[in-house]
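# Remarks on the overall topology
Here is what each chain is made of, one letter per residue.
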Amino acid sequence: MAEITYRYRGFGLDANFLMIKQTEIEELWWYRYVFYTHVATAILALPAGFTQFNSYLLHKYPKLHRSIGYLYVASILVFAAPSGIVIGLVANGGLISIIAFELLGIAWFYFTWRAIDLAIKKRFDEHRNFMLRSFALTCSALTLRFWKVALVFLFHPNPMDIYQIIAWLGWVPNLLFVEYIIKKKRDL
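To start, this report covers the structure provided alongside it. (Residues numbered from 1 in each chain as written. Predicted model: local features only at pLDDT ≥ 70, side-chain atom pairs only at ≥ 80, totals over all residues. Heavy atoms only, no water.)

### Digging into a nonpolar patch on the surface
Put simply, the test is: Exposure above 30% relative accessible area and the lack of any salt bridge qualify a residue for a patch; like charges then connect within 9 Å, and the nonpolar side chains Val, Leu, Ile, Met, Phe, Trp and Tyr within 5 Å. Residue burial considers only the protein chains on display, and all accessible areas are found by Shrake-Rupley using a 1.4 Å probe. A carboxyl oxygen of Asp or Glu within 4 Å of a side-chain nitrogen of Lys or Arg is what we treat as a salt bridge. The helix count covers DSSP runs of H or I at least four residues long, the strand count covers runs of E at least two residues long, and both are numbered beginning at the N terminus. Partly exposed describes any residue whose relative accessible area lies between the buried limit of under 20% and the exposed limit of over 50%, with all areas from a 1.4 Å probe on protein chains only and scaled to the type maximum.
Taken together, Tyr56, Tyr61 and Leu64 make up a surface patch of nonpolar side chains, about 330 Å² in accessible area. Its location among the elements puts tyrosine 56 in helix α4 (residues 55–60). Here tyrosine 56 falls in the exposed class, since its relative accessible area comes to 53%.

### Some words on the nonpolar core
So the rule is basically this: To define a nonpolar core, start from buried Ala, Val, Leu, Ile, Met, Phe, Trp, Tyr and Cys residues and group those joined through side-chain atoms within 4.5 Å. Note on contacts: a residue pair qualifies if any of its non-hydrogen atoms lie within 4.5 Å across the two residues.
Among the nonpolar cores identified, the biggest contains 35 residues, and Tyr72, Ile76, Trp108 and Leu137 are the most heavily contacted of them. Those elements that provide at least two residues to this core are α3 (31–51), α5 (62–88), α6 (94–120), α7 (124–138), α8 (140–155) and α9 (159–169). Of the residues forming this core, the biggest block, 9 residues, is contributed by α6. The contacts of tryptophan 108, once residues within four sequence positions are left out, are His38, Ala42, Tyr72, Ile76, Ala80, Ala81, Ser134, Leu137 and Thr138. Core analysis: the second largest hydrophobic core is formed by 7 residues, Tyr31, Phe35, Tyr36 and Ile87 among them.

### Describing the pattern of salt bridges
Inspection of every chain in the model, using the stated rule, returns 5 salt bridges. Its salt-bridge partner being lysine 121, residue aspartate 117 comes within 3.1 Å of it at the nearest N-O pair. Residue lysine 121 is classed as partly exposed on the basis of its relative accessible area, which comes to 45%. In this structure, arginine 133 engages glutamate 179 in a salt bridge whose closest nitrogen and oxygen atoms are separated by 2.4 Å. Of the two residues, arginine 133 is situated in helix α7 and glutamate 179 in helix α10 (residues 172–187); the sequence distance between them amounts to 46 residues. Classification of arginine 133 by relative accessible area gives buried; the value is 9%. Members of the salt-bridge network, linked through shared partners, are Arg114, Asp117 and Lys121.

Written out as structure tokens, the structure reads:
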């Protein structure tokens, strides 16, 4: 993800994904700014989120856990989820992809917000569950790209059809897996 994000460092309009979004760039004055906001802030959520489930860090350095958590939450709630929702409105793949990306953005925002609300109320078990859900959606950036590579390699689908598939595969399996983990933990 760092390498992919690094390709956008010059804020050019000819980098990677933007090559197939030239219509949006030409017709929607705001698109490139919202896109770059999403890229620059969503990348912060990944490493920040990975650290939040480290029990050593949580118990030994709770202030550091909270500080990194604030970075994670701010990057999602203030920038990455809202910008993702906006660019999702013009997602490749038509209505099927748009619905998937809109649901992803809304759920990502809600789960993150709910996790913070529960932490403030000191309901830490529920807080952890909502952070797991939030992070599952954060990881959609990784799983979406994995599925894209795997499906293209295996089936050689039409490029626009692939967006309809990966728009859902990027996050739904992640969320189902986390729900399974939460349920298993509850059953113990």
